[in-house]
Amino acid sequence: MGDGQKLLASALAAALAETVTLPIDVCKTRLQTQAWHLGTAPYKGMVQCMWQTIHKEGAGSLWKGLKPALVRQICYSALALQLYEPIL
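Just so we're clear, the structure is a prediction, and the values are computed from it rather than from any experiment.

J.: Teacher, can you tell me more about the packing of helix α1 (residues 3–33) against helix α2 (residues 46–57) here?
T.: To describe two helices that pack against each other, one gives the angle between their axes and the distance between the axes. Remark: α1 packs on α2, axes separated minimally by 9 Å, with the N-to-C direction vectors making an angle of 100 degrees. As summarised for this structure, α1 and α2 are arranged roughly perpendicular, according to the angle between their axes. For the pair α1 and α2, the contacting residues are Pro 23, Ile 24, Cys 27, Lys 28, Arg 30 and Leu 31 in the first and Met 46, Cys 49, Met 50, Thr 53 and Glu 57 in the second. Split into classes, the residues belonging to the contact of α1 with α2 amount to seven nonpolar, one polar and three charged.

Given below as structure tokens:
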């Protein structure tokens with residue numbers, strides 16, 4: 001496999017992985033940053049957070065920030081492949 005093919009394969013794998021896992025990351029961030037008012041929080045867990053987000057903001061809101069996340073992950077994967085493979 002040539003360098004160009006490896007670069008393309010790593011970019012596609014990184015894009016797929018980021019797209020699939022971003023909804024979990026969005027909900028994790030919402031759970032971590034939720035404000036506690038009088039001992040209660042808007043979300044009690046991951047599933048409830050996803051469910052409420054979909055109903056209040058639409059399913060697309062689970063992929064907010066996809067473009068910058070893809071840029072970050074594809075660049076990182078491409079650099080890691082090119083820099084670390086010769087070492088291994």
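J.: Would you take a moment to explain α2 for this structure?
T.: Turn by turn, an α-helix covers 3.6 residues, leaving residues three or four places apart pointing in a common direction. The terminal C-alpha atoms of α2, which comprises twelve residues, lie 16 Å apart, in line with the 16 Å expected from a rise of 1.5 Å per residue. Along α2, the residues that are buried comprise Cys 49, Gln 52 and Thr 53. For α2, the buried positions fall inside an angular range of 105 degrees around the axis, keeping them on one side. Pointing more than 90 degrees away from the buried face of α2 are the exposed residues Val 47, Trp 51 and His 55. Structurally, α2 contributes buried residues whose contacts are with α1. Looking one or two places after α2, you find Gly 58, whose phi comes out positive at around 95 degrees.

What counts and what doesn't
Residues numbered from 1 in each chain as written. Predicted model: local features only at pLDDT ≥ 70, side-chain atom pairs only at ≥ 80, totals over all residues. Heavy atoms only, no water. Axes fitted to C-alpha atoms, helices over the stretch in contact; angles between N-to-C directions. Helix = DSSP H or I, 4+ residues; strand = E, 2+ residues; numbered from the N terminus. Parallel < 35°, antiparallel > 145°, perpendicular 65-115°, else oblique. Contact = heavy atoms within 4.5 Å. Nonpolar A, V, L, I, M, F, W, Y, C, P; charged D, E, K, R; others polar. Expected span 1.5 Å × (residues − 1). Buried < 20%, exposed > 50% of the residue type's maximum accessible area, 1.4 Å probe, protein only. Arc of directions from axis to C-beta.

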